[in-house]
Amino acid sequence: MTSSLDHNAPGISRRDLLAFAALGFTAGAPSLSFAAPQGQLTWAAHISLAPTWFDPAETSGIITPFMVLYALHDALVKPMPGQALAASLAESWTAAEDGLSYDFVLRKGPLFHNGEPVTAEDVKFSFERYRGASHDMMKARVAVIETPDAQHVNFRLKEPWPDFLTFYGSATGAGWIVPKKYVEKVGEDGFKKAPIGAGPYKFVSFNPGIELVVEAFDGYWRKAPTIQRVVIRSIPDESTRLAALKRGEVDGIYWVTGELDEVLQRTPGLKLAVSHTASQWLYFPEQWDPKSPWHDLRVRQAANLGLDRPNINQAIQLGHALLHDNAFVPAHFAFYRKAPPPPFDPAKAKQLLAEAGHPNGLDAGPLYCDAAFSNVAEAMANSLREVGIRANLRPIERAAFYKSFSEKKYNGLIMGGSAGFGNAATRLEAFAVKGGSYAYGNYPDIDALFQKQAGELDHAKREALLFQIQQLVQEKVIAAPLWQLAALSGVGPRVGESMIGAIGGDPWTSPYEDMTLKPV
């Protein structure tokens, strides 16, 4: 692996790990601040928050939980502005030259919100209780976790694994630390009702379907937040969100589209914030069923050619989305293989359907989607209908949608998507490889290449293998790519620094401790 402090870095090498330790790169040097935090910032979210996102152990491989994690919790290492992985609760880390162990030195001073210090035992406990995305694969590769004292943690691997830090520090929630004693005292359900972390904000209250309230934790090691209270309010309807922003009831909103974007930009005092985040695609969960029409490659190719991406982009994203032929891997990821977007070719799509035995088109059944993106899924369904593929929209609230997606409960079509951190390997592991959290089937040639790249320490050879996998995903049309989403947010006049898009691929206001309100 190679490394860089740029968030587009392809990874972190063992040599650079040694250098990072020597130079003391961190998520930001600790600073003393004697100015008391003031004011309240209210942000309107396009989804209903779920308690599962309050617990790092249940991080599901998507970006949504990090909306909460960056406020309530902290990690040994994590993505930060300008850094793919920055030291946080760990002040330094090193990797053995043989790739079989990683040593972390914990920072002295960080506290949980209940005043207890963060220790090596908490780190070990947090990894062992982790049950989110990629947990089986990660735990199968770690031989033992050693904690010689309160400030040192050593992960020993069964074999060299160049993506250990990527999975541990960014693609999953395994490296986000919770207090062992507190969790054992209150239990798993009790922790979700009253989570305690080591992040810049502490939990105050949660009203399901309404709002989450957090307050500044002045003991946060990196810097004390300047905003006293942050409220994340659920307003699923985007017209209502925009109206609340225009009236000054909220200071910012996530996810505005189409004509509402234009209204926002015409409104004095409001700004449109643009950051590129999730890859989104049309997934064919029945392609491994010989009895399904989606088992025929020609039918999947027809669907791919039946998506009018440029028009959907203009109508919903004002042309801001990035179009390409890579269903799962976004352009800012390491080992991303770039390919031009598929053309919109209705005639060819209809020809392929006819050749596959569907001259009058076909009834595709349900098209499941995250309710927050139902307008995108509807546009996809309308485009497919033009070539004879008829699907019925089934929008589902985000937490329930991804839970059923991962439990393999869907048939028909799925509008998939992920803005989770990581690289091409972490994304492919979740969606295209046997045993992946969201993979409904697998192809042996892809699985074999994935296993080969997982232990390849030569960067160029590994890149070639990952490029080959992405090409096979494209050729097999495991999923039809839509775009890399442009996260379009509205920012009100009271906000100084919103931090939207400050961390590569993260559409939320992170890091929270860096947000500011303008002076009154």
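Worth saying up front: this structure is predicted, and the values here are computed from it rather than measured. (Residues numbered from 1 in each chain as written. Predicted model: local features only at pLDDT ≥ 70, side-chain atom pairs only at ≥ 80, totals over all residues. Heavy atoms only, no water.)

Engineer: What am I meant to see in the overall build of the protein here?
Structural biologist: Looking only at helices and strands, the protein features 16 helices and 18 strands. In terms of overall dimensions, the protein is globule-like: its C-alpha atoms have a radius of gyration of 23 Å, near the 24 Å expected for 520 residues. Seen through its principal axes, the protein has C-alpha atoms that stretch 70 × 60 × 40 Å. Pairs at least 24 residues apart make up 71% of the contacts formed inside the protein by residues separated by at least 6 positions. Entry remark: accessible area of the protein is about 19,200 Å², with carbon and sulfur atoms responsible for 52%. Computed over 50 positive and 55 negative side-chain charges, the separation of the two mean positions in the protein equals 1 Å. (Helix = DSSP H or I, 4+ residues; strand = E, 2+ residues; numbered from the N terminus. Rg over C-alpha atoms; globule rule 2.2 N^0.38 Å. Contact = heavy atoms within 4.5 Å. Areas by Shrake-Rupley, 256 points an atom, 1.4 Å probe, with all protein chains shown as cover. Lys, Arg positive; Asp, Glu negative; His and termini not counted. Charge placed at Lys NZ, Arg CZ, Asp CG, Glu CD.)

Engineer: Help me out: how do you make sense of the pattern of salt bridges in this one?
Structural biologist: Any two side chains of opposite charge can pair if their charged atoms end up close together. Tallied over the entire structure, the rule returns 24 salt bridges. Note that E159 and R141 form a salt bridge whose closest N and O atoms lie 3.7 Å from each other. Here E159, found in the loop between β8 (152-157) and α5 (164-171), pairs with R141, found in helix α4 (residues 135-141); they are 18 residues apart in sequence, far enough to count as distant. Each member of the salt-bridge network shares a partner with another, and the members are D55, E58, R129, R131, E188 and K192. (Salt bridge = Lys/Arg side-chain N within 4 Å of Asp/Glu carboxyl O.)

Engineer: Would you mind going over the packing of helix α14 (residues 424-431) against helix α16 (residues 459-476) with me for this structure?
Structural biologist: Each pair of packed helices gets described by two things: the angle between the helix axes and the distance between those axes. Between α14 and α16, the least distance of the axes is 11 Å, while the angle of their chain directions is 40 degrees. What the angle tells us is that α14 and α16 run oblique. The element α14 and its partner α16 pack so that their crossing is left-handed. Touching A424, A425 and L428 of α14 are R462, L466, I469, Q470 and V473, all from α16. (Axes fitted to C-alpha atoms, helices over the stretch in contact; angles between N-to-C directions. Parallel < 35°, antiparallel > 145°, perpendicular 65-115°, else oblique. Left-handed = near helix turned anticlockwise from the far one by under 90°.)

Engineer: Looking at this model, I keep getting lost on the environment of M499. Mind explaining?
Structural biologist: Inspection of the secondary structure puts M499 in the segment after β18 (479-491). Residues M499 and Q453 lie 46 residues apart in sequence; the distance between their C-alpha atoms is 35 Å. Beyond its immediate chain neighbours, meaning those up to four positions away, M499 contacts W508, T509, S510, P511, D514 and M515.

Engineer: What exactly am I supposed to notice about the packing of aromatic side chains here?
Structural biologist: Working definition: an aromatic ring pair is given by the centre-to-centre distance plus the angle between the planes. Enumeration according to the criterion identifies 41 aromatic pairs in this entry. Where Y201 meets Y512, the ring centres are 6.3 Å apart and the plane angle is 65 degrees; that geometry is what we call edge-to-face. Highlighted residues: Y201 in strand β10 (residues 201-207) and Y512 in the segment after β18, separated in sequence by 311 residues. The exposure class of Y512 is buried, given its relative accessible area of 1%. The interplanar angle of 25 degrees and the centroid separation of 6.3 Å between the aromatic rings of Y402 and F405 together place this pair among those described as stacked. Of this pair, Y402 and F405 both sit in helix α13 (residues 398-406), three residues apart, which is roughly one turn of the helix. Neither Y402 nor F405 differs from the other in exposure class; each is buried. Residue placement shows R107 over the ring face of W221; its charged tip is 4.0 Å from the ring centre. The lysine or arginine in question, R129, covers the ring of F191, its NZ or CZ lying 5.6 Å from the ring centre. (Phe/Tyr/Trp six-rings, centres within 6.5 Å; stacked < 30°, edge-to-face > 60°. Buried < 20%, exposed > 50% of the residue type's maximum accessible area, 1.4 Å probe, protein only. Lys NZ or Arg CZ within 6 Å of the ring centre and 35° of its normal.)

Engineer: Which parts of the structure should I look at to understand the sheet that holds strand β11 (residues 211-216)?
Structural biologist: Two modes of strand pairing occur in sheets, parallel and antiparallel, and in both the strands are linked by backbone hydrogen bonds. What the ten strands build is an open sheet, ordered β10-β11-β12-β1-β13-β18-β14-β17-β15-β16; its pairing is mixed. Lying at the two open borders of the sheet, with one neighbouring strand each, are β10 and β16 (389-396). Pairing geometry for strand β1 (residues 38-45) and strand β12 (residues 227-234), over seven bridges, is parallel. Each residue of the ladder has a partner; that of T42, found in β12, is V231. (Pairing = 2+ DSSP bridges.)

Engineer: Teacher, can you tell me more about α16 here?
Structural biologist: Residues three or four positions apart in an α-helix share a direction because the helix packs 3.6 residues into each turn. With 18 residues, α16 extends 26 Å from end C-alpha to end C-alpha; this agrees with the ideal 26 Å at 1.5 Å per step. Every buried residue of α16 is listed here: R462, L465, L466, I469, Q470, L472, V473 and K476. Viewed end-on, α16 has its buried residues packed into an arc of 155 degrees, placing them on one side of the element. Buried positions along α16 lie against α9 (297-305), α14 and α15 (444-454). Its side-chain oxygen at 3.2 Å from the backbone nitrogen of A460, D458 defines the N-terminal cap of α16. (Expected span 1.5 Å × (residues − 1). Arc of directions from axis to C-beta. Polar contact = N/O pair within 3.5 Å; in protein donor to acceptor, adjacent residues only side chain to side chain.)

Engineer: Got a minute to help me understand the sheet that holds β8 in this structure?
Structural biologist: Pairing within the open sheet is antiparallel, and its four strands lie in the order β5-β6-β8-β7. Strands at the two margins of the open sheet, each flanked by one partner only, are β5 (90-95) and β7 (142-149). Strand-to-strand, the axes of this sheet are offset by a mean angle of 15 degrees, without reference to chain direction. Here β5 pairs with strand β6 (residues 101-106) via five bridges, running antiparallel.

Engineer: Looking at this model, I keep getting lost on the confidence of the model for the protein. Mind explaining?
Structural biologist: A low pLDDT means the predicted coordinates there should not be read in detail. Per-residue confidence for the protein averages 93 on the pLDDT scale, and 93% of its residues sit at or above 70. Scored below 50 in pLDDT, residues 1-26 shows 72 contacts in the model against residues more than four places distant or in partner chains. (pLDDT = per-residue confidence, 0-100.)

Engineer: Would you take a moment to explain helix α12 (residues 374-386) for this structure?
Structural biologist: Compared with an ideal rise of 1.5 Å per residue, which puts 13 residues at 18 Å, α12 spans 19 Å between its outermost C-alpha atoms and is within 8% of the ideal. Remark: G388 follows α12 within two positions and exhibits a positive phi of approximately 100 degrees.

Engineer: Got a minute to help me understand the pairing of strand β15 (residues 362-370) in this structure?
Structural biologist: For a regular strand, the rule is simple: side chains alternate between the two faces of the sheet. With seven of its nine residues buried, β15 lies for the most part within the structure. Across eight bridges, β15 lies against β16 in parallel orientation. Residue pairing across strands places D370 opposite I396, the latter belonging to β16. The parallel pair β15 and β16 is bridged by α12, and the resulting crossover is right-handed. Note: β15 against strand β17 (residues 413-418), two bridges, orientation parallel. Bridging across to β17, Y368 finds its partner in I414. (Right-handed = clockwise from strand over helix to strand, strands pointing away.)

Engineer: Got a minute to help me understand the pairing of β12 in this structure?
Structural biologist: Alignment of β11 against β12, held across five bridges, turns out to be antiparallel. Paired with E215 across the strands is R229, a residue of β12.

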